[in-house]
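Descriptive structure summary
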Amino acid sequence: MPRKTTKKLIDKKGVRVDGRKPNELRSIMIKAGVIENADGSAYIEQGRNKILVGVYGPREVHPRHLTQLDRALLRCRYHMAPFSVDERKSPAPSRREQELSKVITWAIEPSVFTDRFPRTSLDVFIEVLEANGGTRCAAITAASVALADAGIPMRDLVAACAAGKVGGQLVLDLMDVEDKMGDADLPVALLPSLNVITLLQMDGELSADEFEKALNLAINGCQQIHMIQREALKTRHIAVKQAVEE
Amino acid sequence: MPTFFEDKQLVMPGDLLAEGGYAAGENAYKEDEKVFSAQLGLVDFEEKTIHVVALRSFYIPYVGDIVIGKVVDVGFNGWTLDINAPYAAMLKASDVFDRPFKPQRDDLSSIFNIGDLIVAKVVSYSRTRDPLLTISEPSLGKISKGQIVEVTPSKIPRLIGRQGSMISMLKRETGCHITLGQNGLVLVSGKTLEDEQLAIRAIRKVDAEAHTSGLTDRITKMIQKEKGGNESAQKDN
């Protein structure tokens, strides 16, 4: 039986369900280099989202016929663990996961110099351990950190964040309930230094004016996330430096 | 023509390094007169060229490189080697024989078999063709003794040091013979197992702390301290 939410998504004071202000991100923690066996890896916690990313490559392409002679083949696999959501999710790749895998690949590919290592493949495995809305953005953010950690030549990091409309108001970084019960959702991926958008999706309804405001809000969120990505990559190497230089 | 980072500072992919009049060197790229970093690494300003020394990297073959490879397949007219790169390398049988070679007569697996480690030189490689190796030089060929250490390929120059200061110090202090493969594999062979293990520990330390200052001195101290420790331990016995 579907439960009815009696609670409003935004109260009179403009506070959201989880106590955030409309233009506030969830708390984000990123860690680089968490998997010893992968060439590069990252772990992100964004609110209640928990995502682990492993990067393998560049390596020989399997199956062989997928080889591209002028550039590397970038493949992402977005997968949700059976225990990542309230009701058990079948571990088989669903239609939604296949779509997200494609969309994430397209969002990341413009940032990678794939033409520098032709005839190879770069495999990005994204494992969603716990999902609470906005996983595609968190996955892109973490995958980009993992690629940088693997030492892959890149134009820029990719930071992703969603904006949207909830209870008639524009908000940043939607969580699960806000996405489902809200009016619109607008995930954006950005190359922050070059100011290039690599992913722009929209679901729901926004006026032209609201769209522009929401887009700017999302871009602002991406820039904040970019700072956290940089910190994550920095800490990994600074710790060693400080420990020995004392 | 401003630059935005100090020499040897840590940079991320996409960081704007300098504007106008600068050239993009290794691991950097240029767009509209602006030079950006393409890697997680340390900036290195060399006159008007800006390089980024990568902290993590993979090996891309380069003609003239000395590499250490492992035989993964024995074919009809040569061997396939894993040289720690995204591409498999070929070593032709005609390169090994000094007389005309006949596949019917010569058993290739009796020369190099699967699992053998070989020091070789890259003679040709391009974007469209896999690397080709040679062993027709005195220092090249099958490895018969010693141990292999794996380090990040971009840190091989650090392991050599300025004018070979680091590598000659390592050889002198540990008494080991050290062969550096540009592909990030290092062969260490010494008189005793202890010597080799000490050299390996030192190499691992260089790999982990390549981006810190005063490294050569610290490594020298570490080796001397451990050597001193070993000798006194032997006296006790």
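Quantities reported herein were computed from a predicted structural model and do not represent experimental measurements.

Right, let's talk about the pattern of salt bridges for a bit. All names here are of chain A. In this structure the tally under the stated criterion is 31 salt bridges over all chains. The salt bridge partner of Glu97 is Lys89, with a shortest N-O separation of 3.0 Å. Among the residues examined, Lys89 registers a relative accessible area of 14% and is labelled buried. Between Lys165 and Glu210 there is a salt bridge whose closest N-O contact spans 3.1 Å. Remark: Glu210 occurs in helix H4 (residues 208-245) and Lys165 occurs in strand S6 (residues 159-166); sequence separation between them is 45 residues. Overlapping salt bridges, with partners in common, bring together Arg16, Asp18, Arg20, Arg26, Asp173 and Glu178 in one network.

Quick look at the interface of chain B and chain A now. Between chain B and chain A, the residue contacts involve 32 residues of the former and 35 residues of the latter. Here chain B packs against chain A, burying approximately 2,800 Å² in sum over the two surfaces, 54% of which is carbon and sulfur. Looking at the side of chain B facing chain A, the largest losses of area belong to Arg56, Phe58 and Arg127 of chain B, adding up to 23% of the total buried there. Joining chain B to chain A, the criterion identifies three salt bridges. A salt bridge links Arg230 of chain A to Asp15 of chain B; the nearest nitrogen and oxygen atoms lie 2.4 Å apart. Viewed at the interface, chain A and chain B are joined by 14 residue pairs in polar contact (both at pLDDT 80 or more).

Attention now moves to a nonpolar patch on the surface. All names here are of chain A. Residues Val17, Val177 and Met181 make up a contiguous nonpolar surface patch of about 210 Å² in total accessible area. By the secondary structure assignment, Val177 is in helix H3 (residues 176-181). Under the relative-accessibility criterion, Val177 is labelled partly exposed at 34%.

Note on backbone geometry: most residues besides glycine have negative phi, and most peptide bonds are trans. Here the bond from Gly57 of chain A into Pro58 of chain A is cis, since omega is 0°, no more than 30 degrees from zero. Inspection of the secondary structure puts Pro58 of chain A in strand S3 (residues 49-60). At the junction of His62 of chain A and Pro63 of chain A, the peptide bond is cis and its omega measures out at -5° in the coordinates. Note that Pro63 of chain A resides in the loop between S3 and strand S4 (73-80). Of note in the backbone geometry, Asp32 of chain B takes a positive phi value of approximately 45° without being a glycine. One can find Asp32 of chain B in the loop between strand S4 (28-31) and strand S5 (34-37). Its identity as a non-glycine residue notwithstanding, Gln163 of chain B has a phi of 50°, on the positive side.

Cut-offs applied
- Residues numbered from 1 in each chain as written.
- Chains lettered and ligands numbered in written order.
- Predicted model: local features only at pLDDT ≥ 70, side-chain atom pairs only at ≥ 80, totals over all residues.
- Heavy atoms only, no water.
- Salt bridge = Lys/Arg side-chain N within 4 Å of Asp/Glu carboxyl O.
- Buried < 20%, exposed > 50% of the residue type's maximum accessible area, 1.4 Å probe, protein only.
- Helix = DSSP H or I, 4+ residues; strand = E, 2+ residues; numbered from the N terminus.
- Contact = heavy atoms within 4.5 Å.
- Buried area = accessible area lost by both parts, 1.4 Å probe.
- Polar contact = N/O pair within 3.5 Å; in protein donor to acceptor, adjacent residues only side chain to side chain.
- Patch = residues over 30% accessible without salt bridge, like charges linked within 9 Å, V, L, I, M, F, W, Y side chains within 5 Å.
- Areas by Shrake-Rupley, 256 points an atom, 1.4 Å probe, with all protein chains shown as cover.

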